[in-house]
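# Remarks on the overall topology
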Amino acid sequence: MTDSTREAALDYHRRPTPGKLAVTPTKRLANQHDLSLAYSPGVAAACEAIVADPAEAATLTARANLVAVVTNGTAVLGLGAIGPLAAKPVMEGKAVLFKKFAGIDVFDLEVAENDADRLVEVIAALEPTFGGINLEDIKAPECFVVEQKLRQRMKIPVMHDDQHGTAICVAAAVKNGLRVVGKELPEITAVCCGAGAAALACLDQLVELGLDKAKLYVVDLAGVVYEGRAELMDPFKARYARKTGFRSLGDVIDGADLFLGLSGPNVLKPDMLKRMAPRPLVLALANPTPEIDPKLAREARPDAVIATGRSDFPNQVNNVLCFPFLFRGALDVGATQINGEMKRAAVDAISDLALAESSDIVAKAYGGEGAFAFGPEYLIPKPFDPRLILRIAPAVAEAAMRSGVATRPIADMEAYRQSLGRFVYRTGFVMKPVFDRARAAPARVVYAEGENETVIRAAQIVVDEKLARPVLIGREDALARRMKELGIRLLPGRDVEILDPRTYAARAEFADAYHRMMARNGVLADAARITLRSDATVIAAMMVKRGEADAMICGTLGEYDHHLPKVRDILGLRPGAQELAALQLLVLPNHTLFLTDTNVADDPSPEALARIAVMAAAEVGRFGLEPKLAVVSHSNFGGSAKPSADKMRRVVELIRAEAPALEVDGEMKPDLAINLARRDWIFPYSTLSGAANLLIMPTVDAANIAFNLAKEVAEGFSVGPMLLGLNAAAHVVTPAISVRGLVNMTAVAVVDAQDLQARGG
């Protein structure tokens, strides 16, 4: 971890509120009447109902959607036995993943108890509180004992995710990897390097799927696990002991079809890999450094199919693919346990999703339609594929019902699948696909206000996160002084390029090019030279126009309307576009929402609004989301004869005519756009399914007011404004933008540049 990453992580955890979790009430408590229902005397009615029927706890309390993430801190990933207190940030992080990916509430419980039996007593006594238990970072072999005893005692799902979450994802990757190399699981020879909790759970899962134990070798720190070995042995590991004279990884690797690594860095040497069978499958899952570097592996064996635990290589095997959705399905049917059938259902759902037709939404989000065709570099889905919850949770729920462990069976599975869509569009990870694409091909981004503190700080993060190659417009001496004052580590010429406007303007060809472009707008030659010396926005736009930069960002100083005409005049509209528009992304605690137009079009015509809506929908798709458009107004579905309502009804008609594949409805009030239950009650015939994620607002006033009010009241974070319709990768932001906001917009600009280049622009 670099010093800057460490400081950024500490700052992230400290501000604005310590930690990553909070408890938020789900019911209104605004007056005495609410209080009498929430507490005394009304709460007694709920208590009495549960006494009469304990199953009512699922309908009257939060228990059915509440999971405990429990650790004693004895085996924290990458950190070891750091203890329960130091493990708390990790458990809070796990809780956030549950909430963000699957809407599951979590209490993280860090327990100061290393004795397995006493730890079991502590956790088992908490059964009335929780709908499920996620054990985390408990060392082997105690983790096996704790999970086994809790499963026997408790009537709710208990799962040690380090074991089973990893095992499910590994099994899916192995299943599909063998499909790619044309081999069958019962026929292969396998070597597992590592014999901890995760490794043994993976082997158990693979054996259940058909792996022949007689063709499996397990290797740990003491060498091959063989019959009669005493060193570092326990009953759980002994299940995989072989009667053999082999003693090292080098002895057993010859002719192996599968290498499964859950051990440590660089233990699989290139010469070992060369001795494996044709088309070997290599899962080098040690983090952060795999058992073999994928680049070395490909050099040694070009025919190998390789997976790691890292996001910067193809085929990331990460248990975030599984555990939120596995628990979602288990909780929704009131499962009493997570059994083998449910785990097998999760394996099949994950592996089958990779085989399914590539989602255009996922492809747009991660870049390139061909990037997700099943094959050697796409064995399992991306962790941010929005279809995961829609596939895994129903599969697990159905398996629980078939196997008889569901206490609340779901009668209408299709309706259940539809309901899961509410979780897809409220994740706070909406920027992840954009960041991944930006890192894959960083572009040269020029910042007009290079001396601005927000820009300088953002540039440091952009460089650290490898999102772009920054160019700062500013005076070299002033920038050097400012960077020193701020403690910025950027080195001009190495990390960032500095473009002094005085130097740029002194080059006659730039002034001539600008003058030729603007001469018919009344700009004289002398005025062109003066503008290039004094107007950084014009310089940045000219650099993009001339191909000296791939993208630009301006607007951190001055009014939005001051910058926009200059950018528009120099870069022009995209072919086919008739106007510009601004789109804002607002990530709220319970929803992800795009709004247009917040900054450009004052009172657009119905025709213009329809065109803007189509452009905005395309932008939403690049974030990995299926656009769901609500055309909003002060009225619902013909309830008003006012001209403004007529205008929005006309917009709906025009959108449907121009883009019939888009899911759109209106005119409607914003609350109906987001609240499906209320919409169904008022207008059950709506063609919009689920909550809208793109609101088409009637005027710039309405859009801007709604955006800023929602952002402030709901404490959301925003991305934007994103400029639509321009024939270049350029965005005009506002002076209120934060450092992180500017980093986000940099990633958006880089992806814009990538798409423009792909289109031949």
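So, how was this worked out
- Residues numbered from 1 in each chain as written.
- Predicted model: local features only at pLDDT ≥ 70, side-chain atom pairs only at ≥ 80, totals over all residues.
- Heavy atoms only, no water.
- Helix = DSSP H or I, 4+ residues; strand = E, 2+ residues; numbered from the N terminus.
- Rg over C-alpha atoms; globule rule 2.2 N^0.38 Å.
- Buried < 20%, exposed > 50% of the residue type's maximum accessible area, 1.4 Å probe, protein only.
- Lys, Arg positive; Asp, Glu negative; His and termini not counted.
- Charge placed at Lys NZ, Arg CZ, Asp CG, Glu CD.
- Core = buried A, V, L, I, M, F, W, Y, C linked by side-chain atoms within 4.5 Å.
- Contact = heavy atoms within 4.5 Å.
- Phe/Tyr/Trp six-rings, centres within 6.5 Å; stacked < 30°, edge-to-face > 60°.
- Lys NZ or Arg CZ within 6 Å of the ring centre and 35° of its normal.
- Pairing = 2+ DSSP bridges.
- Axes fitted to C-alpha atoms, helices over the stretch in contact; angles between N-to-C directions.
- Patch = residues over 30% accessible without salt bridge, like charges linked within 9 Å, V, L, I, M, F, W, Y side chains within 5 Å.
- Areas by Shrake-Rupley, 256 points an atom, 1.4 Å probe, with all protein chains shown as cover.
- Salt bridge = Lys/Arg side-chain N within 4 Å of Asp/Glu carboxyl O.
- Left-handed = near helix turned anticlockwise from the far one by under 90°.
- Nonpolar A, V, L, I, M, F, W, Y, C, P; charged D, E, K, R; others polar.
- Expected span 1.5 Å × (residues − 1).
- Parallel < 35°, antiparallel > 145°, perpendicular 65-115°, else oblique.

Time to look at the overall build of the chain. Counting secondary structure elements, the chain contains 33 helices and 21 strands. Here the chain has a C-alpha radius of gyration of 29 Å; the compact-globule value for 761 residues is 27 Å, and the two agree. Overall, the chain is about 90 × 70 × 50 Å in size when its C-alpha atoms are taken along their principal axes. Buried positions account for 54% of the 761 residues belonging to the chain. Of note, the chain has its 86 positive side-chain charges centred 2 Å away from the centre of its 93 negative side-chain charges.

What follows concerns the nonpolar core. Counting 107 residues, the largest nonpolar core has Ile133 and Leu283 as its most contacted members. It is helix α8 (residues 161-181) that contributes the most residues to this core, eleven residues altogether. Non-local contacts of Ile133, meaning those with residues more than four positions away in its chain, are made with Ala68, Val70, Ile123, Met154, Ile156, Pro157, Val158, Met159 and Phe327. Of all hydrophobic cores here, the second largest spans 67 residues; its members include Val445, Leu472, Leu585 and Ile737.

What follows deals with the side chain of Gln460. By the element assignment, Gln460 lies in helix α21 (residues 453-464). Look at Gln460 and you get buried, because its relative accessible area is 8%. The residues touching Gln460, leaving out its near neighbours within four places in the chain, are Ile488, Arg489 and Leu490.

Counted by the stated rule, this structure contains nine aromatic pairs. For the ring pair Phe101 and Phe325, a centre distance of 6.2 Å and an interplane angle of 85° mean the geometry is edge-to-face. Placement of the pair is Phe101 in helix α5 (residues 84-102) and Phe325 in helix α14 (residues 323-332), with a sequence separation of 224 residues. Take Phe101: its relative accessible area is 10%, and that puts it in the buried class. Among the aromatic side chains, those forming a connected cluster through ring pairs are Phe98, Phe323 and Phe327. Between Lys94 and the ring centre of Phe323, over which it is positioned, the NZ or CZ distance is 4.2 Å. Its end group placed over the ring of Tyr240, Lys213 keeps NZ or CZ at 4.9 Å from the ring centre.

With that settled, the discussion passes to the sheet that holds strand β12 (residues 468-473). The strands making up a sheet associate through backbone hydrogen bonding, with each pair oriented either parallel or antiparallel. Taken in spatial order, the five strands make up an open sheet running β13-β12-β11-β14-β21, and their pairing is parallel. This sheet does not close on itself; its edge strands, each paired only once, are β13 (497-499) and β21 (729-732). Strand-to-strand, the axes of this sheet are offset by a mean angle of 20°, without reference to chain direction. Relative to β21, strand β14 (residues 551-554) runs parallel, the two sharing four bridges. Across the sheet, the residue bridging to Met552 is Ala730, located in β21. Against the sheet, helix α26 (residues 536-545) makes contact with β11 (443-447), β12, β13 and β14, and its axis sits at roughly 165° relative to β14, the strand it touches most. Packing of helix α27 (residues 560-571) onto the sheet brings it into contact with β14 and β21, and relative to β21 it is tilted by some 160°.

This brings us to a negative patch on the surface. Together, Glu559, Asp561, Asp602 and Asp701 line one region of the surface with negative charge. Along the polypeptide, Glu559 turns up in the loop between β14 and α27. For Glu559, a relative accessible area of 62% translates into the label exposed.

Next up on the list: a nonpolar patch on the surface. Together, Leu29, Leu35 and Tyr39 make up a nonpolar patch on the protein surface, roughly 340 Å² of accessible area in all. Here Tyr39 shows up in the loop between α2 (32-38) and α3 (43-52). According to the relative accessible area criterion, Tyr39 is exposed, its value standing at 59%.

Across the five residues of strand β17 (residues 628-632), five count as buried, placing the element largely inside the fold. Burial along β17 is two-sided: the face carrying Lys628, Ala630 and Val632 and the face carrying Leu629 and Val631 are both buried. Where β17 lies against strand β18 (residues 663-668), five bridges are found, and the strand directions are parallel. Each bridged residue has a counterpart across the sheet, and for Lys628 the counterpart in β18 is Glu663.

It is worth spelling out the pairing of β14 at this point. By the alternation rule, side chains of β14 split into Ala551 and Ile553 and Met552 and Cys554, which are all buried. Bridge analysis of β11 against β14 gives three bridges, and the strand direction is parallel. Its bridge partner lying in β14, Val445 is registered against Ala551.

This paragraph deals with the sheet that holds strand β2 (residues 105-110). Reading across the sheet, the four strands line up as β2-β1-β3-β4 and stay open at both edges, with parallel pairing between neighbours. Looking along the sheet, the strands with just one partner apiece sit at the ends: β2 and β4 (158-160). Direction aside, the axes of adjacent strands within the sheet are offset by 20° on average. Bridging between strand β1 (residues 66-71) and strand β3 (residues 132-135) involves four bridges; their strand directions are parallel. Its bridge partner being in β3, Val70 is matched across the sheet by Leu135.

In this structure, the amide linkage connecting Ser40 to the following residue, Pro41, adopts the cis form with an omega of 5°. Note on placement: Pro41 falls in the loop between α2 and α3. Here the phi dihedral of Leu232 falls at roughly 55°; this positive angle occurs in a residue that is not glycine. Looking at the secondary structure, you find Leu232 in the loop between β7 (223-224) and α10 (235-238). In this structure, Phe637 takes a positive phi of about 50° despite not being glycine. Looking at the element boundaries, Phe637 is found in the loop between β17 and α29 (643-658).

With that settled, the discussion passes to the packing of α5 against α14. One can describe the packing of α5 onto α14 by two numbers: an axis separation of 9 Å at closest approach and a directional angle of 65°. α5 and α14 meet at a crossing whose hand is right-handed. Residues Lys94, Leu97, Phe98, Phe101 and Ala102 of α5 form the contact with α14, whose participating residues are Phe323, Pro324, Phe325, Phe327 and Arg328. Considered class by class, the residues forming the contact of α5 with α14 number eight nonpolar, no polar and two charged.

This part takes up the side chain of Arg242. Within the secondary structure layout, Arg242 lies in the loop between α10 and α11 (249-252). Within the buried core, Arg242 has no salt-bridge partner, and the shortest N-O distance to an opposite charge, that of Glu227, equals 7.4 Å. With sequence-adjacent residues up to four places away left out, Arg242 is seen in contact with Lys213, Ala214, Lys215, Leu216, Tyr217, Val225, Tyr226 and Glu227.

Here helix α17 (residues 388-402) is 15 residues long and its end C-alpha atoms lie 21 Å apart, about the 21 Å a rise of 1.5 Å per residue gives. Turning to α17, its buried residues number three or more, namely Leu388, Ile389, Ile392, Ala393, Pro394, Ala395, Val396, Ala397, Ala399 and Ala400. Looking one or two residues beyond α17, the residue adopting positive phi is Gly404, at roughly 80°.

Our focus in this paragraph is the packing of helix α15 (residues 340-355) against α17. Running from amino to carboxyl end, α15 crosses α17 at an angle of 150°, the nearest separation of the two axes being 8 Å. Comparing their axes, α17 and α15 come out roughly antiparallel. When you trace α15 past α17, the crossing you get is right-handed. In this structure, α15 contributes Glu341, Met342, Ala345, Ala346, Ala349, Ile350 and Leu353 to the contact, and α17 contributes Leu388, Arg391, Ile392, Ala395, Val396, Ala399 and Ala400. Counted by class, the contact of α15 with α17 contains twelve nonpolar, no polar and two charged residues.

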